[in-house]
Amino acid sequence: MNGTMKAVIFEQPGQYAVVDKPIPKIRQSNEMLVRIDACSICGTDMQILKNPPGIAAAPGVIIGHEMVGTVVEVGDGVKNFKAGDRVTADNNVPCGTCYYCKTGHGNMCENLFCLGIDGDGFFAQYAVIPDQLAVTIDPDLSLDTAIFTEPLNCVMSGMDKIRLLPGETAVVIGAGPIGLYYIQLLKLNGAGKVIAVELNDFRKEYARKLGADLVISPSESGQILEATKGLGADVVIDAVGACIKDAVDWVRSSGRVLLFGLNFAAQQTICQTNITRKDLTVMGCYIGTYTWKKTVQLLENVPMKLEEMITHRLSLEEFGKGYEAMKDGSALEVVMYPNGR
């Protein structure tokens, strides 16, 4: 396929550009050319565009790693996909040969290569991806639901770790997109109560709409004890990346803490004895770990309130509008349609 396409690139710290680039070519037998039907801006993209960057990307790289697309062409070695298939894709390419890849922890790959950071990602009209990253999606699934597959996949990996039992109480710290996914999945898994802790009134309202039983500010944390008859929550999830001390304080003895949010600038001081004395299980969760198929099954079979989270629907050329809305907090989910809606 010849011609040019629109794409959003990282230029240098704090700067991006919407440019014309050649439509990429299939160069390896396991690659596929995919038309990007929808892509969305997430916190990682915002970290890349900070000055200084929170995540270092290669200058000139096409950013973006959340997408839904349609296969246009396949390489000679591609057996499980064909032109016309609707797909979503992981953006993380593990090497397959290091210690972590060989022991089932590809998310910890010593040579992890990330599309949208190290190589061209999905804020473009077309992208070339290795077939091992792609997952087919039912063509009847709404595009505005399917676009949530990648971030929801990461949250599904966290849910797999905490193993919530029906009736348990969970606290979610932060009601941004990730926190809102957790709220919905916790309720679907039978949580007795889900308590959202959030400062922003805009996000508080979304937490209520999407299923939280109690929505409080951090200064109102005493209500967690009241809601749990003085015990504390069975599970506390930090979706912010700077709240381990609060998580340890708000979880019950012998409870579970899941640390999910990322904030490399955050430094905290905690009393380690509180973890030991309360006999806590504290877990980290980084990107999705073999939960892509389960996430697609979820979206295809279980109704969720995901499209309600989309606050901005834009063209690729309007990336700047979405970027500014994410910066000033007026956006929750920004979805772009590189080839039109």
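Just so it is clear, the model here is predicted, and its values are computed rather than measured.

(A) Representation of helix α10 (residues 292–301) within the structure. By the burial criterion, the buried members of α10 are W292, T295, V296, L298 and L299. Projected down its long axis, α10 carries its buried residues within an arc of 155°, all on one side. Facing away from the buried side of α10 by more than 90 degrees, the exposed set consists of K293 and N301.

(B) Broad picture of the sheet that holds strand β13 (residues 233–238). Taken in spatial order, the six strands make up an open sheet running β12-β11-β10-β13-β14-β15, and their pairing is parallel. Sheet topology places β12 (214–216) and β15 (281–284) at the edges, where each strand pairs with a single neighbour. Each neighbouring strand pair of the sheet contributes to a mean axis angle of 15°, computed without reference to strand direction. Direction of pairing for strand β10 (residues 169–173) relative to β13: parallel, over a ladder of four bridges. When the sheet's bridge partners are listed, V171 is paired in β13 with V236. Lying on the sheet, helix α5 (residues 177–188) is in contact with β10, β11 (193–197), β13 and β14 (251–259); it crosses β10 at an angle near 170°.

(C) Quick look at the environment of V215. Among the secondary structure elements, V215 is positioned in strand β12. Along the chain, V215 and V197 lie 18 residues apart, while their C-alpha atoms are 6.0 Å from each other. Non-local contacts of V215, meaning those with residues more than four positions away in its chain, are made with A196, K204, A207 and R208.

(D) View of the environment of V257. When you line up the elements, V257 lands in strand β14. The class for V257 is buried, based on a relative accessible area of 0%. Along the sequence, V257 and A170 sit 87 residues apart, while their C-alpha atoms lie 9.8 Å from each other. Contacts of V257, omitting those with residues within four sequence positions, involve V236, A247, V251, T281, V282 and M283.

(E) Region of the structure containing the pattern of salt bridges. In the structure shown here, the tally under the stated rule is 12 salt bridges. Measuring nitrogen to oxygen at the nearest pair gives 3.0 Å for the salt bridge that ties K82 to D85. Here D85 falls in the buried class, since its relative accessible area comes to 13%. For R256, the salt bridge goes to E168, with nearest N and O atoms at 2.9 Å.

(F) Seen up close, unusual backbone geometry. That bond from N51 to P52 is cis: its omega, 0°, falls within 30 degrees of zero. Positive phi values are uncommon outside glycine, yet R163 reaches one of about 50°. Tracing the backbone shows R163 in the loop between α4 (149–162) and β10. Judged by its relative accessible area of 56%, R163 is exposed.

(G) Focus on the environment of N30. In this fold, N30 is placed in the loop between β2 (15–22) and β3 (31–41). For N30, a relative accessible area of 26% corresponds to the partly exposed category. As for N30 and G222, which are separated by 192 residues in sequence, their C-alpha atoms are 55 Å apart. Setting aside chain neighbours within four positions, we find N30 in contact with V78, I129, P130, D131 and Q132. Here the side chain of N30 touches Q132 through a polar contact of 3.3 Å, side chain to side chain.

Parameters at a glance
Residues numbered from 1 in each chain as written. Predicted model: local features only at pLDDT ≥ 70, side-chain atom pairs only at ≥ 80, totals over all residues. Heavy atoms only, no water. Buried < 20%, exposed > 50% of the residue type's maximum accessible area, 1.4 Å probe, protein only. Helix = DSSP H or I, 4+ residues; strand = E, 2+ residues; numbered from the N terminus. Arc of directions from axis to C-beta. Pairing = 2+ DSSP bridges. Axes fitted to C-alpha atoms, helices over the stretch in contact; angles between N-to-C directions. Contact = heavy atoms within 4.5 Å. Salt bridge = Lys/Arg side-chain N within 4 Å of Asp/Glu carboxyl O. Polar contact = N/O pair within 3.5 Å; in protein donor to acceptor, adjacent residues only side chain to side chain.

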